[in-house]
Amino acid sequence: MWLWVVAQLAATRGAEASGIDAAEPSIEVARLRTPEGDFCVGDMFSLPFPESSFDRATAFNGIWKGV
């Protein structure tokens, strides 16, 4: 749920928003709310982004304990 909120906020402030979520419905909402963003369904332990791709990153409800 938080993915689209933060992505939309970032995009309105000029950022290039990208995101990943394990739930397809979350990605669908993010794409609808921020169509210029880059969103995909995926696993946080196997990110589909090259290293050093981002200036800032956030995580919600996914990092609860060490692996």
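Residues numbered from 1 in each chain as written. Predicted model: local features only at pLDDT ≥ 70, side-chain atom pairs only at ≥ 80, totals over all residues. Heavy atoms only, no water.

A. Representation of the overall build of the chain in the model. A count of helical and extended segments in the chain gives 2 helices and 2 strands. Reading the secondary structure of the chain in the N-to-C direction produces α-β-α-β. For the chain, the share of sequence-separated contacts (at least 6 apart) that also reach a separation of at least 24 residues comes to 35%. For the chain, the accessible surface area stands at approximately 5,400 Å², while carbon and sulfur atoms represent 55% of it. (Helix = DSSP H or I, 4+ residues; strand = E, 2+ residues; numbered from the N terminus. Contact = heavy atoms within 4.5 Å. Areas by Shrake-Rupley, 256 points an atom, 1.4 Å probe, with all protein chains shown as cover.)

B. Focus on the pairing of strand β1 (residues 18-21). Note: β1 against strand β2 (residues 38-41), 4 bridges, orientation parallel. Within the sheet, the bridge partner assigned to D21 lies in β2 and is V41. (Pairing = 2+ DSSP bridges.)

C. Unusual backbone geometry, seen in detail. A positive phi angle, close to 65°, is found at S52, a residue other than glycine. Within the secondary structure layout, S52 lies in the segment after β2.

D. Layout of the nonpolar core. Membership of the largest hydrophobic core is limited to 7 residues, which are L3, W4, A7, A17, I27, A30 and F39. Looking at this core, the elements that each hand over two or more residues are α1 (2-12) and α2 (24-33). Top element by residues in this core is α1. It accounts for 3 residues. Those residues in contact with L3 that sit more than four places away from it in its chain are G19, I20, D21, S26, I27, A30 and F39. (Core = buried A, V, L, I, M, F, W, Y, C linked by side-chain atoms within 4.5 Å. Buried < 20%, exposed > 50% of the residue type's maximum accessible area, 1.4 Å probe, protein only.)

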